Each structure stands twice: as C-alpha cells, then as structure tokens.
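# Chains, contacts and geometry: an overview
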Amino acid sequence: MASPEIETLASALARLPGLGPRSARRAVLWLVKHRQTGLAQLVEALQVVERRLVECSICGNVDTTDPCSICADPRRDAKAICVVEDVADLWALDRAKLFSGTFHVLGGRLSALDGVRPEDLTIDRLLARVEAGGVDEVVLAMNATLEGQTTAHYLAERLDRFPVRITQLAHGLPVGGELDYLDEGTLAQALRARRPLA
C-alpha cells in the first residue's frame, strides 16, 4: 500500500491519455526508483512549462513563446495557412515536415450535438488573418468525421468572399490499405475522389 501522496501522483498520471491505472503505477514506480535523475528532471520540466506556456496570438498553437516558433520562423510561407481542429493536429502535420506554410488552430469543430457553434471557435481570427491580405491558399485539414467535414464546408462558405484558393486534404484509401478491410465510408470517399491515372 502506497502513501496518499504516491497514490495521488498515480491518479494524476492515470488521467493522461494512453495511461490507465496500471500503467500509471508502473510509471510512478519507475520515477520512485530513479528519483535522482528521472523524477527530478520531470518535476523541473513540468515547472518550466507551467511557467512559460502560452497560446500563440496568431495561430493558436501552444508554445513557450508568443508568437510561437512556427509563426516566428521566417522560412515559413505566410501565403499558405493550414487550418486544423486542435493543437495535436498541428503538431502531427508539422512533424511530417510536408507543409511549409503557417497554421491556424480552430480549437475544436462545429457540433450541434455538443453545442459547439461558430462563435466558440477561432473562425473570426482566421477570417481576420485572411482579410489582412498576403494569403493565397487556405488548406482545410479537418478530420474525416461528419463534424470535421461540416466545419470544412462552413469555413469554405465563409472564406469564399476572399480571393484565396481553398483546398482540402484528400480522403480515401490509405497507403498499403486493402479494400476488403476498409469501411464503407472510406471506400465511398475514395470512389468519389477518383482521378485520371495519367
């Protein structure tokens, strides 16, 4: 039986995505065993991030500087904005190093069931960025869900008045995917988005 303080730490870790109670207990045991190196480094890193964590006033990314390291990077193409639902999507796309433009985090997606309305998202900030000029393309990188696609269509309608190219991420067959393992929605999207071979 662990002390209440250790149990509190295990409970806090168990709330993290991907960690259940058993994994959290294993992590706590590792930290206890390596308290001089692992635990001290973790505590210091958490304290630094807690003190310095800010939301980028331009794109909505989470960083320790404002503007964030992406918006402040002069090598980025400011003429292209990739719109994502949340920070995790931004980090995933940036990690792939396939998009050299800037980003915009909406902070969610439209959902009538969850009560998320356009004014609950950073749509007005996105429109202001585009209206300020210097933007040639807006990439709508919404998740391939009903709410994601609803959000993409709403944004496309709102952006239609600006002289920008509006594009969307392709959907359909994953690389290495076999047809008999795919769901009907993915197959339908792949068929609708078919293109000439040559």
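This report concerns the structure included in the present document. (Residues numbered from 1 in each chain as written. Predicted model: local features only at pLDDT ≥ 70, side-chain atom pairs only at ≥ 80, totals over all residues. Heavy atoms only, no water.)

## Digging into the overall build of the chain
Along its length, the chain carries seven helices and six strands. Overall, the chain shows an N-to-C arrangement of helices and strands of α-α-α-β-β-β-α-β-α-β-α-β-α. On C-alpha atoms alone, the chain measures out to a radius of gyration of 21 Å, which is more than a quarter above the 16 Å that the 2.2 N^0.38 rule sets for 198 residues. Counting every position in the chain, which comprises 198 residues, the buried fraction comes to 29%. Across the chain, the fraction of contacts at a sequence separation of at least 24, relative to all contacts at a separation of at least 6, is 48%. (Helix = DSSP H or I, 4+ residues; strand = E, 2+ residues; numbered from the N terminus. Rg over C-alpha atoms; globule rule 2.2 N^0.38 Å. Buried < 20%, exposed > 50% of the residue type's maximum accessible area, 1.4 Å probe, protein only. Contact = heavy atoms within 4.5 Å.)

## Thoughts on the sheet that holds strand β5 (residues 137-140)
Strand order in this open sheet of four strands is β4-β3-β5-β6, and the pairing throughout is parallel. Among the strands making up the open sheet, the edge pair consists of β4 (101-105) and β6 (165-168). This sheet shows a mean twist of 25° between the axes of neighbouring strands, independent of strand direction. Of the strand pairs in this sheet, strand β3 (residues 77-84) and β5 are connected by four bridges, and their pairing is parallel. Across the sheet, residue cysteine 82 finds its bridge partner in β5, namely valine 139. Helix α5 (residues 123-131) rests against β3, β4 and β5 of the sheet, and its axis sits at about 150° to β4. Docked against the sheet, helix α6 (residues 146-159) engages β3, β5 and β6, running at close to 165° with respect to β5. (Pairing = 2+ DSSP bridges. Axes fitted to C-alpha atoms, helices over the stretch in contact; angles between N-to-C directions.)

## Comments concerning helix α2 (residues 21-33)
In this model, α2 (13 residues) spans 18 Å end to end at C-alpha, consistent with the 18 Å of a helix rising 1.5 Å per residue. Taken as a whole, α2 has its buried residues at Ala24, Val28 and Leu31. Taken around the axis of α2, the buried residues stretch over an arc of 60°, which confines them to a single face. Relative to its buried face, α2 has exposed residues pointing more than 90 degrees away, namely Arg22, Leu29 and Lys33. Structurally, α2 contributes buried residues whose contacts are with α1 (4-14) and α3 (35-52). (Expected span 1.5 Å × (residues − 1). Arc of directions from axis to C-beta.)

## Some thoughts on the pattern of salt bridges
Once the charged atoms of two side chains with opposite charge are near each other, the side chains can pair. According to the stated counting rule, one finds eight salt bridges in the structure shown. With a shortest N-O distance of 2.9 Å, arginine 109 and glutamate 85 are connected by a salt bridge. Here glutamate 85 lies in the loop between β3 and α4 (87-96) and arginine 109 lies in the loop between β4 and α5, a separation of 24 residues in the sequence. Here arginine 109 falls in the partly exposed class, since its relative accessible area comes to 33%. Between glutamate 119 and arginine 117 there is a salt bridge; the shortest N-O distance is 3.2 Å. (Salt bridge = Lys/Arg side-chain N within 4 Å of Asp/Glu carboxyl O.)

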